[in-house]
Amino acid sequence: MVTMPRVVIGAPASGHGKTTVATGLLAAFARRGLPVAPFKVGPDYIDPGYHALAAGRPGRNLDPVLVGEDLIGPLFAHGSQGASLAVIEGVMGLYDGRTGAGETGSTAQVAGLLEAPVILVVDAAAQGRSIAALVHGFRSFGSVRMAGVILNRVGSDRHEAILREACEEVGTPVLGALRRADAVAAPSRHLGLVPAAERRAEARESVDALAALIESSVDLAEVMAIARSAPPLDAEPWSPVAADPAPGRPVVALAGGPAFSFAYAETAELLTGAGASVVTVDPLRDEALPEGTRGLVVGGGFPEVYASELSANEPLRKSVAALAASGGSIAAECAGLLWLCHTLDGAPMCGVIDAEAAMTPTLTLGYRDAVALTDSPLAPAGTRVTGHEFHRTTVHPRSGLLLSPAGGAAWAWRGADPEGFATASIHASYLHLHWAGNPGFASRLVSAL
């Protein structure tokens, strides 16, 4: 049983201020010496980076679509070990989930699975008494326990009084009211907020400002009381340790740094649990793979922003190409796929994959139910997964079906041509995968080294 105090931060829709409030709460409680565990609903990689900066421990994702609803409790129990409070930031609107799948993947579903109370963040900039109808509707729809409201972008004392009175009419306590504060704004780019890893000093200042804002505007004692009202959760902590770890501790390099900041914390844990010695490599700084590297895992990020710097690191590009030529195992997704191509927007990359990558104005976004078409370091052909696409780039050709007989396409899913590149030692695709939902990936990759 898990007795962790916990609270979910939801909103009527995207843009109401969930990240502001969740990050600020984490930072404010952490400044008081309280160990806090941060979580994010859904496949988002960027918000957990700010959560981690605020909490001083990894931000983790809870996504029932990618890992299955049965793993949400165990992953929460694992990620909250050693903490005294867990703050779970929602995704989109409270009841928005996977398109066409009802509540699946929504903040409300995760709140229900965790039996956690919800605090609704509402952008009140253009609202008065009508906020009562909105709050009442969200509290009445569905089965989540909405414990209170935090008002965002409040214009004045008079405005705040009107909003508080309206919420009181429908029996919903107001836990805080935030005024507009430019000091806490984070810059955005083509895929959302600029990751904290790319602006560490400025992000630290933003998080500190958020802590001060929340401390001055929100009743932290009441938030903690709400979190403590969550009942015991019947869940055992998830374990990343494989049943039969590979001997010898083979070295697996894990790409990180500003260009490759998208990664689930469980990936490194699963690789370690499978018997690997995991060493981080920063392709913007390091000129060689770690000594003894036999495997390489490259997650998502923004290589298109750093194309010239990645291209200029010719020694590392040659090191990656040499690893591939020697039969070392390589698994790359999205940004990693681009880095392995011959070029990215004309700049030379690693040349492991016979393809060219380029930026486009089109956003590709959504969950994909896929089947593996070719045996690879991650999975045998026929393996079924659910992953997530999120990019504004393209790769030509789209898949390894146009390559030699030694390789093939990585995945196929309904409504699209085969995608990605796979051989016996290389797997590269746009599909983001949460390895906790597919623990065999890490074991298969490490055991082949």
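Residues numbered from 1 in each chain as written. Predicted model: local features only at pLDDT ≥ 70, side-chain atom pairs only at ≥ 80, totals over all residues. Heavy atoms only, no water.

(A) Representation of the packing of aromatic side chains in the model. On inspection of all chains with the given rule, the structure shows eight aromatic pairs. Each ring, one from Tyr95 and one from Phe141, has its centre 4.9 Å from the other, and the planes form 90°; the classification is edge-to-face. Linking Tyr95 in the loop between β4 (85-89) and α5 (107-114) with Phe141 in the loop between α6 (131-140) and β6 (146-154), this pair joins segments that are 46 residues apart in sequence. Ring pairing ties together the aromatic residues Tyr45, Phe262, Tyr264 and Phe302, which thus form one cluster. (Phe/Tyr/Trp six-rings, centres within 6.5 Å; stacked < 30°, edge-to-face > 60°. Helix = DSSP H or I, 4+ residues; strand = E, 2+ residues; numbered from the N terminus.)

(B) Layout of the environment of Val251. Relative to the elements of secondary structure, Val251 occurs in strand β10 (residues 251-255). The buried category is assigned to Val251, whose relative accessible area is 15%. Those residues in contact with Val251 that lie beyond four places of it in its chain are Ser277, Val279, Pro290, Glu291, Gly292, Thr293, Arg294 and Gly295. (Buried < 20%, exposed > 50% of the residue type's maximum accessible area, 1.4 Å probe, protein only. Contact = heavy atoms within 4.5 Å.)

(C) Examining the pairing of strand β16 (residues 356-372) more closely. Sheet topology note: the strand β14 (residues 343-344)/β16 ladder contains two bridges and is parallel. When the sheet's bridge partners are listed, Thr343 is paired in β16 with Glu356. Two elements, β16 and strand β17 (residues 384-396), share twelve bridges in a ladder whose sense is antiparallel. Bridge pairing in β17 places Ala370 opposite Val385. (Pairing = 2+ DSSP bridges.)

(D) Main features of the pattern of salt bridges. By the definition in use, this model includes 16 salt bridges. With a shortest N-O distance of 3.1 Å, Lys40 and Glu89 are connected by a salt bridge. Highlighted residues: Lys40 in strand β2 (residues 36-41) and Glu89 in strand β4, separated in sequence by 49 residues. For Lys40, a relative accessible area of 3% puts it in the buried group. For Arg179, the salt bridge identified is with Glu160, shortest N-O distance 3.0 Å. Of this pair, Arg179 sits in strand β7 (residues 174-179) while Glu160 sits in helix α7 (residues 157-169); the two residues are 19 residues apart in sequence, bridging distant segments of the chain. (Salt bridge = Lys/Arg side-chain N within 4 Å of Asp/Glu carboxyl O.)

(E) Main features of the side chain of Thr172. By the element assignment, Thr172 lies in the loop between α7 and β7. With a relative accessible area of 2%, Thr172 lands in the buried category. Side-chain polar atoms of Thr172 contact the side chain of Arg139, separated by 3.1 Å. In this structure Thr172 touches Val135, Arg139, Met146, Gly148, Val149 and Cys167, once residues within four positions along its chain are discounted. (Polar contact = N/O pair within 3.5 Å; in protein donor to acceptor, adjacent residues only side chain to side chain.)

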